[in-house]
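Structural characterization, general
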Amino acid sequence: MVSDNSPGQLEAFKRHFLAGAIGLSLSYSCMHPLDTIKTRIQADPTNGWRSIFTRQTAHSLSKGFLVSALGAAGQGGARFSTYEFCKMHLLPSKDKSNNKIPWLGTVPATALSAVIGDLASSLIKVPREVITAKLQTDHYSSLTKDGRVTTSFVVKQTLKEEGPRGLLKGFWPIAARDSPFMIILLVSYENFKAFHHRSVRDHWISNSGRHSFDSVTASTPFEEFEADIPTFRSIMYGGISGFLAGYFTTPMDVLRTRLITQKSIPNKVPLTATQVAREMIHKIALQHSHPVERTVHMSRAFFAGAIPRSLWWFGICGIFFPVYETLKSGLSPK
């Protein structure tokens, strides 16, 4: 059964797609060099931070830029149009008798919308990450005379060695990394927004001398109280949410980088994410017998590049959310 509001929903979907595409492409473009540094640290954990201060890293800072920016546009559009669409249908309505899923609270509805939105963008996101990571780490540089590789060369070589599945390599580790990432990011950001709306509302109430309404919490519909968010606050809300989400999902990002950048050996099946993790743990266990030492080095290995990654996401989200909110508001019918 088609809703009477289908044209309006389609227009909202297009609006959110455009805002998400422009916002994410712009933010990825600005933060691409830091992503290169993070990827090179993860791909070469033995040298760690020392791998940054090399001529190869300096030459690689802009590699994969175009792929990252264009891929981010499609990824951001698909992710946030789907997220907003799902949120619109899953969030509890103000009219409690009209709730579509009465038993689903605001936080679970936001989390579920975030996961669905991220999965919708994965068919664009995963090939983008595979190609970008191989460009950033000079994965195929030994196959060319001058050591330079192009995006088309990476795509052709990946298809030649691994077939179409090579472009989707690490799909499930990426999904396992990004599902909790998107939950932390969007639930945190929506709660920051709710906090801001509550602060503005309470300030208005205190100035007008009216009685306070019930407080807004994470279990109250986030969009119930709307107020413009100043740019600096929007940057901080988005940035902090991105930093937290980026830090706590670093282990899966490390596995994703190792999976993508492992060398292809003839007649040998590539390692799975589980096998890569076991190999990392086994190697550390052989090198360090003391339990405390082993734990420290294991944490370092699985959280390699955590600070650059978290700072990168602070920058990405600090740029993205103000742009996204501004475009979403600007494109809305007056």
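Data block above holds the structure.
All figures in this text were calculated on a predicted structure; none of them were measured in a lab. (Residues numbered from 1 in each chain as written. Predicted model: local features only at pLDDT ≥ 70, side-chain atom pairs only at ≥ 80, totals over all residues. Heavy atoms only, no water.)

1. A look at a nonpolar patch on the surface
Inclusion rule: For patch detection, residues must exceed 30% relative accessible area and be free of salt bridges, and they are connected within 9 Å for like charges or within 5 Å for nonpolar side chains (Val, Leu, Ile, Met, Phe, Trp, Tyr). Here the open area of atoms and residues is found with the Shrake-Rupley method and a 1.4 Å probe, where only the protein chains shown may cover a residue. By salt bridge we mean one thing: a side-chain nitrogen of Lys or Arg within 4 Å of a carboxyl oxygen of Asp or Glu. Labels follow the DSSP assignment, with helices taken as runs of H or I lasting at least four residues and strands as runs of E lasting at least two, numbered in each case from the N terminus.
A surface patch of nonpolar side chains, about 580 Å² in accessible area, is lined by Ile240, Leu244, Tyr247, Phe248, Phe303, Ile307 and Leu311. Broken down by secondary-structure element, the contributors of at least two residues to the nonpolar patch are α7 (231-248) and α11 (306-331). Element by element, the count of residues in the nonpolar patch is highest for α7, at 4 residues. Counting through the fold element by element, isoleucine 240 comes out in helix α7.

2. Some words on helix α9 (residues 273-287)
An α-helical segment advances 3.6 residues per turn. Residues three or four places apart therefore align on the same side. To keep it simple, the criterion reads: By definition here, a helix of n residues has an expected span of 1.5 Å times n minus one. Working definition: with a 1.4 Å probe on protein chains only, accessible area under 20% of the residue-type maximum means buried, over 50% means exposed, and in between means partly exposed. The directions from the helix axis to the C-beta atoms form the arc being described.
Helix length check: α9 (15 residues) gives 22 Å between terminal C-alpha atoms against 21 Å at 1.5 Å per residue, within 8%. Inspection of α9 places Ala273, Val276, Ala277, Met280 and Ile284 among the buried residues, and these make up the whole buried set. Across the axial projection of α9, the buried residues extend over an arc of 100°, all falling on one side. Within α9, the exposed residues directed more than 90 degrees away from the buried face are Arg278 and Leu286.

3. Some thoughts on the pattern of salt bridges
Tallied over the entire structure, the rule returns 14 salt bridges. Across the pair lysine 125 and aspartate 178 runs a salt bridge whose closest N-O atoms are separated by 2.7 Å. Highlighted residues: lysine 125 in helix α4 (residues 106-136) and aspartate 178 in helix α6 (residues 171-208), separated in sequence by 53 residues. A residue is classified by how much of its surface remains accessible, and aspartate 178, at 5% relative accessible area, is buried. The salt bridge partner of glutamate 129 is arginine 128, with a shortest N-O separation of 3.8 Å. The exposure class of glutamate 129 is buried, given its relative accessible area of 9%. One network of salt bridges, in which partners are shared, links Glu84, Lys87, Glu190, Lys193, Glu325 and Lys328.

4. Description of the side chain of serine 234
The following threshold applies: It only takes one pair of heavy atoms within 4.5 Å for two residues to be counted as in contact.
Mapped onto the fold, serine 234 is located in helix α7. Judged by its relative accessible area of 3%, serine 234 falls in the buried class. Beyond its immediate sequence surroundings of up to four residues, serine 234 is in contact with Tyr189, Ile229, Phe321 and Pro322.

5. Observations regarding the packing of α4 against helix α8 (residues 250-261)
Relative orientation and spacing of two packed helices are given, respectively, by the angle between their axes and the distance between those axes. Formally: Only the stretch in contact is used when a helix axis is fitted, and all axes are lines through C-alpha atoms; the angle between N-to-C directions ranges over 0 to 180 degrees. Under this scheme an angle from 65 to 115 degrees is roughly perpendicular, one under 35 degrees roughly parallel, and one over 145 degrees roughly antiparallel; angles in between are oblique. Ten residues, namely Ala, Val, Leu, Ile, Met, Phe, Trp, Tyr, Cys and Pro, are considered nonpolar, four, namely Asp, Glu, Lys and Arg, are considered charged, and the remaining ones, Gly among them, are considered polar.
Packing of α4 against α8 leaves a shortest axis separation of 10 Å and a crossing angle of 75°. With respect to their mutual orientation, α4 and α8 come out roughly perpendicular. Contacts between α4 and α8 pair Glu129, Val130, Ala133 and Lys134 from the former with Arg256, Ile260 and Thr261 from the latter. A per-class count over the contact of α4 with α8 returns 3 nonpolar, 1 polar and 3 charged.

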